[in-house]
Each structure stands twice: as structure tokens, then as C-alpha cells.
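Chains, contacts and geometry: an overview
Spelled out, the chains give:
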Amino acid sequence: MFILNLKILILMKILQKALKLSYDRFKPNPFQRRYHYAIAFDGNKPICLSQNNPIKINAKALRMGERFNLPKYKEFPFNHAESHLVSKLLDRYNSIHSNWTLVVLRINRKGLVMMSKPCENCDKILKAVGLTEVYWSVKDNVFMNNDQDTIVIDSKKFSQYSVV
Ligand SMILES: [Zn+2]
């Protein structure tokens, strides 16, 4: 029980930091509707952050499409937050540690947290590099992972939580 609670406490910290880091970078513009952020954590320390760019094609996005054989990314080489994050992690560390935690979240133009489950192609990349500890936003204060666990946080206090 103690270990489980400790794990949940670390997770709460991670989700709290991910929210803060994302809102720090949130700059809405008239050309973009969805703002996805992906943050990798080593323990509870954020080590890399990226965001999507649906406006400008990107050579690295194309390379990710080639490397992981994803036709959609070869045809539409725009950075998704998760694929871009993996690309940055590979550039920086050369390898990916499967115990790193990934948090993905989406903020809409009004500043509300929305569903940010990784798309099919990003999911393939995450699985290929062995990242399985992935949490994505569902809506304000609610996250979900690959085991279908729902994690509810109180982003105002960050002291109350429950795992359904
Ligand atoms: Zn994606």
C-alpha cells in the first residue's frame, strides 16, 4: 500500500508539473486550434518537452515517418507533440529508457484542457521505443493511461486525488 501511495504521489507531482510547463508555453494564435504538449520525465524530473506544429512541415517529422515507416508522417510531415518528443529524446540521449514517464496534454484556444490520447501513429512510435508509462489528458484535472486507469487531480490544490 505504501509503495502504491508513493507511486501515486509522484504521479500527481508529474501531472502537476506537466500542466504548469504546458501552460507556461501556451500562446494561442489564430492559425492553430489544438495545442498538444508532450513532456518526458525521469522520475519526477522533466527532461524534455515538445509541442505540436500543425502549420509548418518539418524535416524531422519526415525522418520520423521514414524511421518508423509511417506513411502518414511521410505524406504529412507535421510535428505531433509525441513524435517530436521522441525525435528530440533520440537526438539528445541516443536511446530511450522505458522507465521514463510521458505526459501528453492538449489545451484548446480558450485555455481548457482537452482529450489528448496519442494518435495511432504516435502510439506506434511510443511502443516501438518502449515508452509504456504514458498519461494523457482527458479533460480538466482528469488523466488516463494505457491500463485505462483514470487519474483525477485537483489542479488548484494538488493535494487531493483519487484513482478510479
Ligand atoms: Zn500523433
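Residues numbered from 1 in each chain as written. Predicted model: local features only at pLDDT ≥ 70, side-chain atom pairs only at ≥ 80, totals over all residues.

All right, on to the overall build of the protein then. A count of helices and strands for the protein gives 5 helices and 10 strands. At 15 Å, the protein has a C-alpha radius of gyration in line with the 15 Å of a compact globule built from 164 residues. With respect to the three principal axes, the spread of C-alpha positions in the protein is 45 × 35 × 25 Å. When the 164 residues of the protein are sorted by exposure, 30% land in the buried category. Taking as baseline every contact in the protein between residues at least 6 positions apart, the subset at least 24 positions apart corresponds to 56%. (Helix = DSSP H or I, 4+ residues; strand = E, 2+ residues; numbered from the N terminus. Rg over C-alpha atoms; globule rule 2.2 N^0.38 Å. Buried ≥ 20, exposed ≤ 12 C-beta atoms within 10 Å, placed from the backbone. Contact = placed C-beta atoms within 7 Å.)

With that out of the way, let us pick up helix 4 (residues 81–93). Spanning 13 residues, helix 4 covers 18 Å between terminal C-alpha atoms, matching the ideal 18 Å at 1.5 Å per step. Along helix 4, the positions that sit buried rather than exposed are A81, E82, S83, H84, L85, V86 and L89. One or two positions beyond helix 4, positive phi appears at N94, with a value near 70°. (Expected span 1.5 Å × (residues − 1).)

The N-to-C vectors of helix 4 and helix 5 (residues 120–128) enclose an angle of 30°; their axes lie 8 Å apart at closest approach. Put simply, helix 4 runs roughly parallel to helix 5. The crossing of helix 4 and helix 5 is left-handed. The segment helix 4 lies against helix 5, with E82, S83 and V86 engaging C122, I125 and L126. (Axes fitted to C-alpha atoms, helices over the stretch in contact; angles between N-to-C directions. Parallel < 35°, antiparallel > 145°, perpendicular 65-115°, else oblique. Left-handed = near helix turned anticlockwise from the far one by under 90°.)

Counting residues in each nonpolar core, the largest one holds 35 residues, and the members touching the most others are L15, L102, V103, V104 and L105. Put simply, the parts of the chain that give this core at least two residues each are helix 1 (2–25), strand 1 (34–42), helix 2 (59–67), helix 4, strand 5 (101–108), helix 5 and strand 7 (134–139). When near neighbours in sequence (up to four residues on either side) are disregarded, V103 contacts I14, L15, A18, I39, F41 and Y135. (Core = buried A, V, L, I, M, F, W, Y, C linked by C-beta atoms within 7 Å.)

Right, let's get into the pairing of strand 3 (residues 53–57). Across a regular strand the side chains alternate sides, sitting on one face of the sheet and then on the other. Counting buried residues along strand 3, only 0 of its 5 residues qualify, which leaves the element largely exposed. Bridge analysis of strand 3 against strand 4 (residues 78–79) gives 2 bridges, and the strand direction is antiparallel. Bridged to N53 within strand 4 is N79. (Pairing = 2+ DSSP bridges.)

Now for the pairing of strand 7. As paired strands, strand 5 and strand 7 are joined by 3 bridges and run parallel to one another. If you follow V103 over to strand 7, its bridge partner there is Y135. Where strand 7 and strand 8 (residues 142–145) come together, 4 bridges link them in antiparallel fashion. Directly across from Y135, in strand 8, lies its bridge partner N145. Linking strand 7 to strand 8, which pair antiparallel, is a turn of 2 residues; within it N141 sits at a positive phi near 70°.

So, about the confidence of the model for the protein. Mean pLDDT over the protein: 91, with 91% of residues reaching 70 or higher. Averaged pLDDT values over the elements of the protein bottom out at 40 in strand 10 (residues 161–163) and peak at 98 in strand 2 (residues 45–51). Under a pLDDT of 50 for its full length, residues 157–164 has, in the predicted model, 16 contacts with residues more than four places off or in other chains. (pLDDT = per-residue confidence, 0-100.)

A few words on unusual backbone geometry. The backbone of N69 shows a phi angle near 50°, a positive value even though the residue is not glycine. Following the sequence through the fold, N69 ends up in the loop between helix 2 and helix 3 (71–75). For N94, which is not a glycine, the phi torsion comes out positive at approximately 70°. Counting through the fold element by element, N94 comes out in the loop between helix 4 and strand 5. According to the C-beta neighbour criterion, N94 is exposed, with 7 such atoms within 10 Å.

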